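Breakdown of the fold
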2 protein chains.
Amino acid sequence: MKRPASWQAIRTEALRRIHTGLWSPGARIPDEAELAAEFSCARATVNRALRSLAEDGLLERRRKGGTRVPTTPVRKATFEIAIIRQDIEGRSQEYGYRLIDDRLAAPPAEVLAEFETSRDVVLRHVTALHFAEGRPFCLEDRWLNPQIVKMGEVEFGTLSANEWLVRNIAYSGGKIGFHALAADRDAAGKLECAEGAALFAIERTTRNPTATITFVRLTYAPGYRMEAKL
Amino acid sequence: MKRPASWQAIRTEALRRIHTGLWSPGARIPDEAELAAEFSCARATVNRALRSLAEDGLLERRRKGGTRVPTTPVRKATFEIAIIRQDIEGRSQEYGYRLIDDRLAAPPAEVLAEFETSRDVVLRHVTALHFAEGRPFCLEDRWLNPQIVKMGEVEFGTLSANEWLVRNIAYSGGKIGFHALAADRDAAGKLECAEGAALFAIERTTRNPTATITFVRLTYAPGYRMEAKL
DNA sequence: TGGCAAATTATGTCTACACTTATTTTTCGA
DNA sequence: TCGAAAAATAAGTGTAGACATAATTTGCCA
């Protein structure tokens with residue numbers, strides 16, 4: 001092994017050994033020092049390669065325990081969650097936006113639960129439609145923490161809440177969920193599809209360290225597909 | 001800054017500066033050497049912290065160009081794609097499996113496209129049901145490359161193809177897509193739901209460097225939700 | 001003025017070493 | 001024999017320095 005053997009080369013070789021079964025599932029692989037000797041490089045370089053594989057779920061590493069190939073690898077798929085406008089423009093389609101409603105209202109129970117707050121709280125409820133090539137693309141049904149995004153101070157008439165938030169609000173975490181739902185009368189009307197049509201929906205909760213900022217359900221018009229590479 | 005300031009501490013501090021707008025979107029942040037001086041640590045430690053943030057989409061880094069805060073951050077959500085059995089057992093539910101069909105057949109055009117092969121090819125078509133607590137959970141409709149997974153050599157009567165493949169076949173890449181679809185008569189019957197019900201489906205293509213190994217569509221019974229943290 | 005080449009610069013990567021921390025294994029005493 | 005303390009081990013992290021690489025900027029020449 002005369003070539004400088006970058007960490008990527010080591011990663012590739014390690015991947016090959018996993019794939020060919022040379023390093024079999026459940027088995028412990030040589031420790032970093034041994035591999036460093038084999039590839040005649042520094043241990044840190046081996047560490048970089050193995051850490052990278054571990055981040056992708058292809059290896060499991062524990063102090064002292066050593067590094068092993070998981071018996072049942074849990075593959076990880078990373079999705080890029082872009083602003084809806086970017087998503088549409090990325091398809092070379094014309095983006096459109098229309099605010100439907102923006103008012104304070106009492107949220108349903110499941111939304112309230114996401115805000116982990118007392119009952120009788122009033123949240124800012126924003127409804128809007130995103131268009132691609134003039135046709136309804138995505139229905140945005142959003143609940144905002146009015147203490148963070150105040151009525152009157154910020155309007156979503158031309159810039160969507162989706163975009164405004166990404167640009168202006170700090171976040172620290174949250175969760176996202178995908179599911180399928182049947183179009184109810186309201187959604188069907190807005191998305192111009194048949195009632196009962198199967199729609200793809202994303203629900204997302206965004207928090208900062210102190211409070212929940214927003215909960216949103218994005219319901220996509222029929223035919224939407226979310227893709228990622230493995 | 002007397003504490004050794006681990007790379008995670010630097011990451012956290014950098015995150016804070018992004019969130020508070022101290023490092024504003026689009027602006028270039030101090031280079032690694034400067035930050036290393038500020039935190040009185042080695043440049044490699046700063047590098048580790050900033051690289052970590054860049055991997056999460058919170059910073060953009062380019063050689064020479066320096067590091068900057070993206071104006072429209074593209075959040076990344078990582079989903080763990082587990083074996084279906086693990087998914088169900090992880091919910092403390094009883095897993096069940098039944099093979100429905102396993103035969104060589106001519107695939108439809110859209111499947112053929114994933115295999116990037118000539119027409120008139122015959123693939124191995126496996127259909128199976130996964131159960132949770134005795135109720136249909138997920139319908140597996142899979143096309144396999146018969147040169148890789150040969151009829152007769154491997155049977156999926158008790159161990160699902162889903163699981164067998166994860167354990168036995170090397171992969172190098174592929175793609176995954178999520179969408180919603182309406183239950184057709186066949187799916188409705190197998191999943192014991194109403195025809196036309198909105199179902200969540202995952203389509204996955206898995207390749208090795210040489211050929212496509214398998215294409216699978218997993219159609220989940222109504223109510224399924226796929227979740228991830230942000 | 002236009003364009004190509006060279007200098008500059010910030011990140012990317014590697015090395016060799018040291019020290020830390022989590023965990024297992026061993027040892028030894030009750 | 002059990003259990004707690006000690007030793008051993010493998011990964012995790014940090015440092016200082018060096019060189020590599022990509023991209024921008026500068027400067028020169030036509």
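Residues numbered from 1 in each chain as written. Chains lettered and ligands numbered in written order. Predicted model: local features only at pLDDT ≥ 70, side-chain atom pairs only at ≥ 80, totals over all residues. Heavy atoms only, no water.

**Topic: the overall build of chain A**
In terms of helices and strands, chain A carries 7 helices and 10 strands. In terms of C-alpha radius of gyration, chain A reaches 24 Å, well past the compact-globule figure of 17 Å for 230 residues. Structurally, chain A occupies a C-alpha span of about 65 × 40 × 30 Å along its principal axes. Sorting the 230 residues of chain A into buried and exposed places 49% on the buried side. Contacts spanning at least 24 positions in sequence make up 59% of the contacts within chain A whose residues lie at least 6 apart. When the accessible surface of chain A is split by element, carbon and sulfur atoms take 48% of a total near 11600 Å². Of the charged side chains in chain A, 34 are positive and 30 negative, and the gap between their average positions amounts to 9 Å. (Helix = DSSP H or I, 4+ residues; strand = E, 2+ residues; numbered from the N terminus. Rg over C-alpha atoms; globule rule 2.2 N^0.38 Å. Buried < 20%, exposed > 50% of the residue type's maximum accessible area, 1.4 Å probe, protein only. Contact = heavy atoms within 4.5 Å. Areas by Shrake-Rupley, 256 points an atom, 1.4 Å probe, with all protein chains shown as cover. Lys, Arg positive; Asp, Glu negative; His and termini not counted. Charge placed at Lys NZ, Arg CZ, Asp CG, Glu CD.)

**Brief notes about the interface of chain B and chain A**
Of the residues lining the interface, 49 residues belong to chain B; the matching set on chain A comes to 50 residues. Carbon and sulfur atoms make up 56% of the area that chain B and chain A hide from each other, which totals about 4400 Å². Together, Arg75, Tyr171 and Leu230 of chain B form the three largest contributors to the area buried by chain B at its contact with chain A, with a combined 16%. Along the contact surface separating chain B from chain A lie 2 salt bridges. For the pair chain B and chain A, the interface holds 11 residue pairs in polar contact (both at pLDDT 80 or more). Secondary structure elements with two or more residues in the side of chain B that touches chain A: helix H3 (43-55), strand S3 (75-81), helix H6 (161-168), strand S7 (173-182), strand S8 (198-207) and strand S10 (225-229) of chain B. By residue number, the principal contributor to the side of chain B that touches chain A is S7 of chain B, which donates 10 residues. Here the residues of the side of chain B that touches chain A are counted per class, giving 23 nonpolar, 13 polar and 13 charged. (Buried area = accessible area lost by both parts, 1.4 Å probe. Salt bridge = Lys/Arg side-chain N within 4 Å of Asp/Glu carboxyl O. Polar contact = N/O pair within 3.5 Å; in protein donor to acceptor, adjacent residues only side chain to side chain. Nonpolar A, V, L, I, M, F, W, Y, C, P; charged D, E, K, R; others polar.)

**A word on the protein's contact with DNA strand C**
Neighbouring DNA strand C are 23 residues; Ser6, Trp7 and Thr45 of chain A together with Arg61 and Arg63 of chain B lie closest to it. Between a phosphate oxygen of DNA strand C and a side-chain N or O atom of Arg62 of chain A, the distance comes to 2.9 Å. One nitrogen or oxygen atom from the side chain of Lys64 of chain B is found 3.2 Å from a sugar or linking oxygen belonging to DNA strand C. Mapped by element, the contributors of at least two residues to the surface near DNA strand C are helix H1 (7-20) and helix H3 (43-55) of chain A together with H3, strand S1 (60-62) and strand S2 (66-68) of chain B. At 4 residues, H3 of chain A tops the list of elements feeding residues into the surface near DNA strand C. Classifying every residue of the surface near DNA strand C by side-chain character gives 4 nonpolar, 6 polar and 13 charged. (Near = heavy atom within 4 Å.)

**Some details on the side chain of His125 of chain A**
Residue and element names in this part refer to chain A. With respect to the helices and strands, His125 occurs in strand S5 (residues 123-132). For His125, a relative accessible area of 16% translates into the label buried. Here His125 is in contact with Asp101, Asp102, Arg103, Ala105, Asp141, Arg142 and Trp143, once residues within four sequence places are set aside.

**Things to note about H3 of chain A**
Within an α-helix, residues lying three or four positions from one another point in the same direction, as the helix has 3.6 residues per turn. In this model, H3 of chain A (13 residues) spans 18 Å end to end at C-alpha, consistent with the 18 Å of a helix rising 1.5 Å per residue. When H3 of chain A is considered as a whole, its buried residues turn out to be Val46, Arg48, Ala49, Leu50, Arg51, Ser52 and Leu53 of chain A. (Expected span 1.5 Å × (residues − 1).)

**Some points on the sheet that holds S10 of chain B**
Strand order in the open sheet made by the 7 strands is S4(A)-S5(A)-S6(A)-S9(A)-S8(A)-S7(A)-S10(B), with antiparallel pairing throughout. With one partner strand each, in any of the chains shown, strand S4 (95-105) of chain A together with S10 of chain B form the two edges of the open sheet. On average, adjacent strands in this sheet sit at an angle of 15° to one another, irrespective of strand direction. Packing of helix H6 (residues 161-168) of chain A onto the sheet brings it into contact with S4, S5, strand S6 (135-144), strand S8 (198-207) and strand S9 (212-220) of chain A, and relative to S6 of chain A it is tilted by some 55°. (Pairing = 2+ DSSP bridges. Axes fitted to C-alpha atoms, helices over the stretch in contact; angles between N-to-C directions.)

**Examining the protein's contact with DNA strand D**
Around DNA strand D, a shell composed of 22 residues is seen, among which Arg61 and Arg63 of chain A together with Ser6, Trp7 and Arg62 of chain B lie nearest. Counting only atoms of DNA strand D within 4 Å of the protein, the fraction found in sugar and phosphate groups is 82%. The backbone of Ser6 of chain B places a nitrogen or oxygen atom 3.4 Å from a phosphate oxygen of DNA strand D. Going through the elements one at a time, H3, strand S1 (60-62) and strand S2 (66-68) of chain A together with helix H1 (7-20) and H3 of chain B are the ones with two or more residues in the surface near DNA strand D. Among the elements that make up the surface near DNA strand D, the one with the highest residue count is H3 of chain B (3 residues). Taken together, the residues of the surface near DNA strand D sort by class into 3 nonpolar, 6 polar and 13 charged.

**Thoughts on unusual backbone geometry**
Generally, phi is negative for residues other than glycine and the peptide bonds are trans, each holding for most cases. In the Ramachandran plot, Glu192 of chain A falls in the positive-phi region, its phi being about 55° despite a non-glycine side chain. Counting through the fold element by element, Glu192 of chain A comes out in the loop between helix H7 (185-191) and S8.

**Topic: the packing of aromatic side chains**
By the definition in use, this model includes 21 aromatic pairs over all chains. When the centroid spacing of 4.9 Å and the interplanar angle of 35° are considered together, the rings of Phe178 of chain A and Phe79 of chain B count as tilted. Taken as a pair, Phe178 of chain A in strand S7 (residues 173-182) and Phe79 of chain B in strand S3 lie in two separate chains rather than in one. Per residue, the accessibility class of Phe178 of chain A equals that of Phe79 of chain B, and both read buried. Ring geometry for Phe200 of chain B versus Tyr220 of chain B: centroids 6.3 Å apart, planes at 50°, classification tilted. You can see Phe200 of chain B sitting in strand S8 and its partner Tyr220 of chain B sitting in strand S9 (residues 212-220), a full 20 residues away along the chain. We note that Phe200 of chain B, like Tyr220 of chain B, is buried. Aromatic rings pair up to connect Phe79, Phe137, Phe178, Phe200, Tyr220 and Tyr224 of chain A together with Phe79, Phe137, Phe178, Phe200, Tyr220 and Tyr224 of chain B into one cluster. Here Arg48 of chain A stacks its cationic end above the ring of Trp7 of chain A, 4.1 Å away from the centre of that ring. (Phe/Tyr/Trp six-rings, centres within 6.5 Å; stacked < 30°, edge-to-face > 60°. Lys NZ or Arg CZ within 6 Å of the ring centre and 35° of its normal.)

Limitation: the analysis is restricted to geometry and does not speak to function.
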